[in-house]
Amino acid sequence: MNKLLLFSLWAIATSALSVNLDQPTIVKETKKENISKTEVTKDPIRELYNEMKLSSVLKYEAFEQAMQGYNQIHPKNQDIITVIDFTLPSTEKRMFVLDLKAKKLLFHNIVSHGRNSGEKYATSFSNKHGSFQSSLGFYLTQETYNGGNGFSLRLNGLEKGINDQARPRAIVIHGADYCSTDVIKSTGRLGRSYGCPALPRELTKPIINSIKDGTLLYIYSQNKEYIASSKMIKKITPNQPENTMIAAQQEEETSHGKAIMN
């Protein structure tokens with residue numbers, strides 16, 4: 001009887017020891033699997049953003065959305081992309097001209113929005129003739145010309161129902177006296193256009209010459225209606241990580257008004 005009892009105790013102890021010895025091997029394999037998954041899921045857009053050291057000047061979400069469109073559109077001139085961030089007030093530098101090939105920021109400057117899009121902030125957007133509002137989304141730059149506002153650059157809106165009336169509406173990039181730091185000092189905001197992204201006079205030629213002839217322009221705003229309507233921006237899905245910038249959409253009701261698009 002004592003021998004049987006001793007044998008049973010020995011068998012139980014041996015079994016427990018085997019389980020404990022096996023556990024470290026399982027943990028090591030799990031760690032290797034996790035490392036492998038991390039390497040596979042590196043985000044090239046995030047890597048480019050970090051390489052260009054943009055975190056202190058340009059919102060990642062704006063850059064991410066711009067690059068999503070860039071990767072679908074494949075513009076004629078793939079070296080340059082321009083982002084305008086209309087979540088910022090007109091008193092701040094909210095136009096970014098990026099050289100993707102050299103991986104550097106070429107221009108960072110103030111830019112005006114449409115007079116009916118808002119006062120200090122652009123909160124309302126339209127594709128309609130006579131609205132005097134800015135339009136969101138993706139554009140291709142086209143040819144230059146000399147007009148009533150001097151040296152100017154035509155824009156072709158690429159998104160139907162969102163900005164495709166840009167050329168018929170004469171939405172162009174041009175210089176304007178009302179787009180200056182002096183106006184900001186005297187009025188507390190920039191002057192406003194009829195819907196064009198207007199630039200300071202002294203920057204008009206160098207910027208236009210850098211972005212003309214087939215580069216991509218993206219006008220960004222945290223606008224839920226635009227995100228829902230655009231085919232260029234990736235929509236949120238249940239499988240996407242919750243910590244991505246697009247998944248973290250902010251409420252449209254902010255301290256400076258509600259962004260709307262019509």
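Preceding this paragraph is the structure being described.
Values in this document were obtained by computation on a predicted structure and should not be read as measured data.

Caption draft 1: Just the packing of helix α2 (residues 44–51) against helix α3 (residues 60–73), in detail. Their axes nearest at 10 Å, the elements α2 and α3 cross at an angle of 125 degrees. The pairing of α2 with α3 is recorded here as oblique in orientation. With respect to the hand of their crossing, α2 and α3 are arranged in right-handed fashion. Of the residues in α3, those touching α2 at I45, R46, L48 and Y49 are Y60, F63, E64, M67, Q68 and N71. Classifying every residue of the contact of α2 with α3 by side-chain character gives six nonpolar, two polar and two charged.

Caption draft 2: Structural view of the pattern of salt bridges. Evaluated as defined, the whole model comprises seven salt bridges. Among the salt bridges present, the one from D85 reaches K59, with a minimum N-O distance of 3.0 Å. Taken together, the positions of D85 in strand β1 (residues 80–85) and K59 in the loop between α2 and α3 put the pair 26 residues apart, joining distant regions of the chain. You can call D85 buried: its relative accessible area is 1%. Given a relative accessible area of 30%, K59 falls into the partly exposed group.

Caption draft 3: Up close: the nonpolar core. With 53 residues, the main nonpolar core has F63, L98 and Y226 as its most contacted residues. Examining the composition of this core, we find that seven residues originate from one element, α3, more than from any other. Setting aside residues no more than four positions away along its own chain, F63 makes contact with I45, L48, Y49, L54, L58 and L98.

Caption draft 4: Spotlight on the pairing of β1. Counting buried positions along β1 gives six out of six residues, so the element sits mostly inside the fold. Residues I80, T82 and I84 line one face of β1 and the alternating positions I81, V83 and D85 line the opposite face, and both faces are buried. The pairing of β1 with strand β9 (residues 216–220) spans five bridges and is parallel. Paired with D85 across the two strands is Y220, which belongs to β9.

Caption draft 5: Region of the structure containing empty space enclosed by the protein. Per the stated rule, a full pass over the model turns up one cavity of 30 Å³ or more. One number sums up the size of the largest cavity: a volume of about 40 Å³. Forming the walls of the largest cavity are F86, S112, H113, S134, S135, Y139, I171, G195, C196, P197 and I219. For the lining of the largest cavity, the class distribution of residues is six nonpolar, five polar and no charged.

Caption draft 6: Summary view of the layout of surface pockets. Of the pockets and cavities examined, the second largest pocket occupies roughly 240 Å³. Taken together, 21 residues line the second largest pocket, and the ones lying closest to its centre are A170, H174, S193, Y194 and C196. Looking at the lining of the second largest pocket, the elements with two or more residues in it are β5 (137–147) and β7 (172–175). Taken together, the residues of the lining of the second largest pocket break down into eight nonpolar, nine polar and four charged.

Caption draft 7: Local environment of helix α5 (residues 201–211). Of all the residues in α5, the buried ones are T204, I207, I208 and I211. Here the buried residues of α5 occupy an arc of 100 degrees about the axis, which is enough to place them on one side. Away from its buried face, by an angle of more than 90 degrees, α5 presents the exposed residues E202 and K205. Backbone geometry just after α5 places D213 at a positive phi near 65 degrees.

What counts, and where the lines are drawn
- As a convention, each chain's residues are numbered from 1 in the sequence order in which they are written.
- The predicted nature of this model means local features are confined to residues of pLDDT at least 70 and side-chain atom pairs, given and counted, to a pLDDT of 80 or more, with totals for whole chains, interfaces and linings taken over all residues.
- Calculated side-chain values reflect all of the structure's heavy atoms, with hydrogen atoms and water omitted.
- Simply put, an axis is a line fit to the C-alpha atoms, just over the touching stretch for a helix, and the angle between two N-to-C directions goes from 0 to 180 degrees.
- By the criteria applied, helices consist of DSSP H or I runs no shorter than four residues and strands consist of E runs no shorter than two, each listed in order from the N terminus.
- Working definition: roughly parallel below 35 degrees, roughly antiparallel above 145 degrees, roughly perpendicular at 65 to 115 degrees, and oblique for all remaining angles.
- Here is the rule for handedness: rotate from the far helix to the near one, and if that takes an anticlockwise turn smaller than a right angle the crossing is left-handed, while a clockwise turn gives right-handed.
- We call two residues in contact whenever any of their non-hydrogen atoms come within 4.5 Å of each other.
- Under the grouping applied here, Gly and all other residues not named as nonpolar or charged are polar, the nonpolar ones being Ala, Val, Leu, Ile, Met, Phe, Trp, Tyr, Cys and Pro and the charged ones Asp, Glu, Lys and Arg.
- The term salt bridge refers to a side-chain nitrogen of Lys or Arg lying within 4 Å of a carboxyl oxygen of Asp or Glu.
- Working definition: with a 1.4 Å probe on protein chains only, accessible area under 20% of the residue-type maximum means buried, over 50% means exposed, and in between means partly exposed.
- Take the buried Ala, Val, Leu, Ile, Met, Phe, Trp, Tyr and Cys residues and link them wherever side-chain atoms come within 4.5 Å; each set so joined is a nonpolar core.
- We call two strands paired when DSSP finds no fewer than two bridges between them.
- Buriedness of a pocket was judged along seven lines, with at least five required to meet protein on both sides within 12 Å; pockets are open sets of points on a 1 Å grid over the protein atoms alone, cavities are sets where a 1.4 Å probe fits but cannot get out, and lining residues have an atom within 4 Å of a point.
- Grid points are joined across faces, edges and corners, and a volume is the space filled by probe spheres set on the points.
- Along the arc lie the directions from the helix axis toward the C-beta atoms.

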